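Structural description and commentary
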Amino acid sequence: MRTSFQAAAVANVQAIDKSRDVALDRARTFLMLMVLLHHSVIAYTYFGHTDPKSWIGFDMVVLATDSFFMATFFFLSGLFVWPSLAHKELQVFVRDRLFRLGLPFVIGVLTIIPIAYYAIELRQRPDASFLMFWWKTITVGPWPSGPIWFIWVLLAFDLAACLLFHLSPKLLDPINRLAVRGFGRPTECFILVLAVTAVVYIPMRVYFGAGRWFEIGPLSLQASRVLLYPTYFLIGAGVGVAYLDRGLLSADGRLAKTGWSWIVAALVPYCLLWVLIYVKREVLGNPVWLPDWYEASYGLFFVTFSAAILFAIFGYFLRFKRTGFSVLDWMQAHAYGMFLVHYPIVLWIQYWLFDFDVPAIAKALIAFVLTVLLSWGVTVALRTIPGAKRVL
């Protein structure tokens, strides 16, 4: 027999379901938690760690998350852009995007990000003052944007989508038709995603390598992914043009019934990525510049894993997480705010844990749990400020 709390929670989810797609909301919140997990464990990775303690298992986590979560975020963000453009006037859409994305980015790079990186500065220069560090960051540089680079890039994509929509509202109809067929044949959609992303990513990976970033002040973007991310965004926009509930992402579609097979499909290229990492370090001697065949092979396995895990995530949430109660529902309204404020929280927690002689797993667990709870609490508090809910 359900308690009154459980009954109220389920009733709340059912109410939400009338106006929102609960499966997609939960997928979005899950991805936000993956961002927090990524930043909580990356300090304790074996290769390139910034803490005395490390664990190779965290390298496995970071390799996986870095290979899919931002592309999946762009796909999710694209899903609703075309319907929004169809129902809003141009100036209203642009104003909303500037308010929702542009304003947080400006505030973030002026406050949140310098506070975050000051923890790293203190580790290198314990006597550094924050005001001097802040002034040097915004005047001399480097001026990193941390994880909120995603926000300015998404704003640019939204504005570009606005232009494309007004040039031709039917521009993405071919993708939408394929997505509708994806109700019963999701493999066709997977082949499209894989083929297109391979074409736009592999040559960029070969030319630029993995480590180069384009940077203009706080505006930064990984060079090899300059075409990959807009591709995921446009594919998501095409899927969301129409019939979202009767196409690829339908809860009654084939994708929702084959979620586990996509996990298997993702594991194969993921394991092959580790084979290449072993070859790089143990056979090639970990050179600065890698041969083209290596970068091309890595790029192919990378896009295959990214596409397969995207389908696995949506398949899982469409099948198992569309109804009933989930803790993700509690965080759903706060997910964007948690993403915005988490970075200084996690870096300062790692700063305070640095000198403790405890295993890496313990440090990462503490960092992740505290980052989730504190980011959630800060976001709840910020949303009480008048007008803040329109942004956060």
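Before any of the text, the structure's been laid out above.
Computed from a prediction, not measured in an experiment: that's the story for all the values here.

Between helix H6 (residues 90–124) and helix H16 (residues 335–353), the shortest axis-to-axis distance is 8 Å and the interhelical angle comes to 5°. For the element pair H6 / H16, the angle class is roughly parallel.

A separate point is the packing of H16 against helix H17 (residues 360–382). Packing of H16 against H17 brings their axes to within 8 Å, and their N-to-C directions diverge by 140°. The angle between H16 and H17 falls in the class oblique. In terms of crossing hand, the pair formed by H16 and H17 is right-handed. Residues Gly337, Met338, Val341, His342, Ile345, Val346, Ile349 and Leu353 of H16 lie in contact with H17, whose contacting residues are Lys363, Ile366, Ala367, Leu370, Thr371, Val372, Leu374, Ser375, Trp376, Val378, Thr379 and Leu382.

The next point concerns the nonpolar core. Phe74, Leu249 and Phe314 are the most contacted members of the largest nonpolar core, which totals 110 residues. With 16 residues, the top contributor of residues to this core is helix H14 (residues 292–320). In contact with Phe314, other than residues within four places in its own chain, are Leu24, Ala27, Thr72, Phe75, Leu76, Leu249 and Leu255. In terms of nonpolar packing, the next biggest core, distinct from the first, is built from 11 residues, Tyr44, Phe58, Leu353 and Ala360 among them.

Locating Glu295 in the fold gives a position in helix H14. Glu295 gets classed as buried once you look at its relative accessible area, which sits at 7%. When sequence neighbours within four positions are dropped, the list of residues in contact with Glu295 reads Arg205, Val206, Gly209, Ala210 and Leu290.

Before going further, it helps to spend a moment on the side chain of Gln350. Here Gln350 is to be found in helix H16. Here the side chain of Gln350 touches Ser40 through a polar contact of 3.2 Å, landing on its backbone oxygen. The residues touching Gln350, leaving out its near neighbours within four places in the chain, are His39, Ser40, Ala43 and Tyr44.

About the criteria used
- Residues numbered from 1 in each chain as written.
- Predicted model: local features only at pLDDT ≥ 70, side-chain atom pairs only at ≥ 80, totals over all residues.
- Heavy atoms only, no water.
- Axes fitted to C-alpha atoms, helices over the stretch in contact; angles between N-to-C directions.
- Helix = DSSP H or I, 4+ residues; strand = E, 2+ residues; numbered from the N terminus.
- Parallel < 35°, antiparallel > 145°, perpendicular 65-115°, else oblique.
- Left-handed = near helix turned anticlockwise from the far one by under 90°.
- Contact = heavy atoms within 4.5 Å.
- Core = buried A, V, L, I, M, F, W, Y, C linked by side-chain atoms within 4.5 Å.
- Buried < 20%, exposed > 50% of the residue type's maximum accessible area, 1.4 Å probe, protein only.
- Polar contact = N/O pair within 3.5 Å; in protein donor to acceptor, adjacent residues only side chain to side chain.

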